[in-house]
Amino acid sequence: MFKKVLIANRGEIALRVIRACRELGIATVAVHSTADANALHVRFADESVCIGPPPSKESYLNIPQLLSAAEITRADAIHPGYGFLSENAEFAKVCRDCKIHFIGPRPEMISLMGNKVRARNAAREAGLPLLPGSMGTVKDPKEAEAFAREIGFPVILKAAAGGGGKGMKIVREPHALAQAFSTAAAEAVASFGNGDLYIERYVEKPRHIEIQIVADEHGRIIHLGERECSVQRRHQKLIEESPSPALTPELRQQMGEVSIRAMEKLGYNNVGTIEYLLDENGRFYFMEMNTRIQVEHPVTELVTGIDLVREQIKLSSGEPLQRKQEDIQMRGHAIECRVNAEDPVTFAPWPGKITAYSVPGGYGVRVDSSAYENYTVLPYYDSLLAKLIVYAEDRPTAIRRMQRALGEYVVQGIRTNIPFHRAAMAEDAFVEGNYDTRFVERLLASETGTHRLKKAIEETP
Ligand code: MV4
């Protein structure tokens, strides 16, 4: 096992990793920008190193600074968390060259999944179901049109270097293809420095379902069921739950089994998540794979009883997986609300000082957060303030528990999206489990949705 882990991240995930390390008897090193000197992850770690000024590029994304910090403190492993350098294959390679363990899969896996065209091909060869589309990049609008005629409209153009919705264009009519192609390509160049595009059949009103994979370095692979992540706005997830109200036990088993078989073929190691689109007929299609621990991992932890970060660290140190697939049981229901420092109506970031703060608690409630009273939410980083996660024996009880917990949460001095979550939990489509990726859009366009949101804002202390 590692003796000392450096956490190349900040906020709640840095704390989450520090907590797992402490329980494993591993010493921890926090890194921080000058603006984060008072952050909780700095206080909770055994040691800390300042790695630069507030902008991420000069601190949390600064590879030479991070490796110097690891060398100075004699850390033998680096945990990248999520975001920042967590899916940067170059960083994983540099760690390997410096003989520091990168807590994640091999750099080759990160780089394979980072390119969506390569990932799509690898997924197909590994037996994962794909939507009809181009197997490589489409060179020009003419080639895109040929594909579109074959697969039928609507189609979607996606950036090979993309993910997260940038450089994506839906095309419903042949005449709109040329314009969409140049816009998507230009966006892809601007965002990723790579204008390569591919094309797929477009799925209307899909659900976003992801399968959690756990793989050791010795070829043993299990899955921990799914997370339902369809409640998103502009490709930012807001609410996640497990199990998904859309899956039957049969579909869950099928998705799990094909996912494991594919990961075995690819030789995947460490934790990872396969994202699927689920269409209205219950068919699922590979979308992307994430090679990191994800923000929403706690809902899986609560329904499986497995500490994913602890497992991830153990796997990275070469320990074999102890559990077999038969040992995994999903029990009860978990829901996570991402509490962001943002305006609940416009979703504009709302950094500032938290003047009063009180977190919910009680049976079945978990809060993963690095916020505290008098803490200042900084403008340089993402606006995630806390993950409020509830667990209950069934979904209706979990929803009621989430409503209860949201009602207890006091955050003063800044705006948060807690009122949005209160409105979402009351929405018929959510309560019925009958929602898709358009849920937020519909809530904000509906009379009852906006009325509930307004009321929740008024009732916020
Ligand atoms: C799609 C799709 C429909 N059909 N691909 C959005 C982000 C990127 N990871 C892929 N995305 C989508 N790809 C096909 N062929 C719909 C989306 C999509 C979406 C997916 C998951 C969750 C929320 C979404 C919101 C809008 C679009």
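The protein appears in an unreviewed UniProt entry as Biotin carboxylase from Archangium lansingense. What UniProt records for the protein under Subunit (unreviewed entry) is the sentence "Acetyl-CoA carboxylase is a heterohexamer of biotin carboxyl carrier protein, biotin carboxylase and the two subunits of carboxyl transferase in a 2:2 complex." In its Pathway (unreviewed entry) section, the UniProt record describing the protein reads: "Lipid metabolism; malonyl-CoA biosynthesis; malonyl-CoA from acetyl-CoA: step 1/1."

A. Representation of the sheet that holds strand S6 (residues 155-159). In space, the 3 strands of this open sheet follow the order S7-S6-S8, with antiparallel pairing throughout. Looking at strand neighbours, the two that pair on one side only are strand S7 (169-171) and strand S8 (197-201), the edges of this open sheet. Neighbour-to-neighbour, the strand axes of the sheet open up by a mean angle of 25 degrees, direction not taken into account. Strand direction decides the pairing type here: S6 and S7, joined by 3 bridges, are antiparallel. Looking at the pairing, Leu 157 lines up with Lys 169 of S7. On the sheet, helix H8 (residues 177-192) packs against S6, S7 and S8 and is oriented at approximately 170 degrees with respect to S7.

B. Looking closely at the UniProt feature "domain: ATP-grasp" (unreviewed entry) in the protein. Mapped onto this structure's residue numbering, the UniProt feature "domain: ATP-grasp" (unreviewed entry) falls at residues 120-317. Across residues 120-317, helical content stands at 34% and strand content at 29%; the span's end C-alpha atoms are separated by 29 Å.

C. View of the UniProt feature "domain: Biotin carboxylation" (unreviewed entry) in the protein. In this numbering, the UniProt entry assigns the feature "domain: Biotin carboxylation" (unreviewed entry) to residues 1-445. Overall, residues 1-445 shows 34% helix and 25% strand. The separation of its end C-alpha atoms is 52 Å.

D. Local environment of the site of the ligand. What surrounds the ligand is a group of 16 residues, the closest being Lys 158, Glu 200, Arg 201, Val 203 and Glu 288. At 2.9 Å, a side-chain N or O of Lys 158 approaches a nitrogen atom of the ligand. The contact in question runs from a nitrogen atom of the ligand to an N or O atom on the backbone of Arg 201, over 2.8 Å. Surface burial for the ligand is 90%, taken as the share of its 530 Å² of free accessible area covered by protein chains. Going through the elements one at a time, S6, S8 and strand S13 (284-290) are the ones with two or more residues in the shell around the ligand.

E. Region of interest: the packing of aromatic side chains. Under the criterion given, the structure shown has 11 aromatic pairs. In textbook terms, an aromatic cluster arises when at least three aromatic residues are bridged by ring pairs, as seen for Tyr 60, Phe 84, Tyr 380 and Tyr 381. Over the ring of Tyr 372 we find Arg 43; its NZ or CZ atom is 5.0 Å from the centre of that ring. The ring of Tyr 435 has Arg 207 sitting right over it, with the charged end atom 4.8 Å from the ring centre.

F. Structural context of helix H10 (residues 297-304). Summarising burial for H10: 7 of the 8 residues are buried, a large majority. Among the residues of H10, those classed as buried are His 297, Pro 298, Val 299, Thr 300, Glu 301, Val 303 and Thr 304. Positioned one or two residues after H10, Gly 305 has a phi angle of 75 degrees, which is positive.

G. Layout of the sheet that holds strand S19 (residues 384-392). Strand order in this open sheet of 8 strands is S13-S12-S9-S10-S11-S14-S19-S17, and the pairing throughout is antiparallel. Two strands lie at the open edges of the sheet, namely S13 and strand S17 (365-369), each paired on one side alone. For this sheet, the mean inter-axis angle between neighbouring strands, taken without regard to orientation, is 25 degrees. Packed onto the sheet, helix H11 (residues 308-316) meets strand S9 (207-215), strand S10 (221-233) and strand S12 (270-278) and runs at close to 125 degrees relative to S12. Strands in contact with helix H13 (residues 418-426) are strand S11 (236-242) and strand S14 (333-340); relative to S14, the strand with the most contacts, it is inclined by about 145 degrees.

H. Layout of the nonpolar core. Counting 41 residues, the largest nonpolar core has Ile 239, Ile 335, Ile 354, Met 425 and Phe 430 as its most contacted members. Excluding anything up to four places from it in sequence, Ile 335 contacts Ile 239, Glu 240, Glu 241, Val 299, Leu 388, Ile 389, Val 390, Ala 398, Ile 399, Met 402, Met 425 and Phe 430. Counting residues in hydrophobic clusters, the runner-up holds 29 residues, among them Ile 103, Ile 222, Val 309 and Leu 321.

I. Structural view of the packing of helix H4 (residues 89-97) against helix H5 (residues 107-114). It is the contact of H4 with H5, at a shortest axis distance of 8 Å, that shows an interaxial angle of 170 degrees. As summarised for this structure, H4 and H5 are arranged roughly antiparallel, according to the angle between their axes. For the pair formed by H4 and H5, the contact residues are Ala 89, Ala 92, Lys 93 and Arg 96 on the first element and Pro 107, Glu 108, Ile 110 and Ser 111 on the second. A class-by-class count of the residues in the contact of H4 with H5 yields 4 nonpolar, 1 polar and 3 charged.

J. A look at the packing of helix H7 (residues 141-151) against H8. Relative orientation of the contacting elements H7 and H8 amounts to 120 degrees, with a least axis distance of 9 Å. Judged on the interaxial angle alone, H8 and H7 are oblique. Once H7 is placed against H8, the crossing between them reads as right-handed. Two secondary-structure elements touch here, H7 through Pro 141, Ala 144, Glu 145 and Ala 148 and H8 through Leu 177, Ala 178 and Phe 181. Looking at the contact of H7 with H8 residue by residue, the classes come out as 6 nonpolar, no polar and 1 charged.

Parameters at a glance
- Residues numbered from 1 in each chain as written.
- Predicted model: local features only at pLDDT ≥ 70, side-chain atom pairs only at ≥ 80, totals over all residues.
- Heavy atoms only, no water.
- UniProt positions renumbered as here; feature names shortened; annotations may be inferred.
- Pairing = 2+ DSSP bridges.
- Helix = DSSP H or I, 4+ residues; strand = E, 2+ residues; numbered from the N terminus.
- Axes fitted to C-alpha atoms, helices over the stretch in contact; angles between N-to-C directions.
- Contact = heavy atoms within 4.5 Å.
- Near = heavy atom within 4 Å.
- Polar contact = N/O pair within 3.5 Å; in protein donor to acceptor, adjacent residues only side chain to side chain.
- Areas by Shrake-Rupley, 256 points an atom, 1.4 Å probe, with all protein chains shown as cover.
- Phe/Tyr/Trp six-rings, centres within 6.5 Å; stacked < 30°, edge-to-face > 60°.
- Lys NZ or Arg CZ within 6 Å of the ring centre and 35° of its normal.
- Buried < 20%, exposed > 50% of the residue type's maximum accessible area, 1.4 Å probe, protein only.
- Core = buried A, V, L, I, M, F, W, Y, C linked by side-chain atoms within 4.5 Å.
- Parallel < 35°, antiparallel > 145°, perpendicular 65-115°, else oblique.
- Nonpolar A, V, L, I, M, F, W, Y, C, P; charged D, E, K, R; others polar.
- Left-handed = near helix turned anticlockwise from the far one by under 90°.

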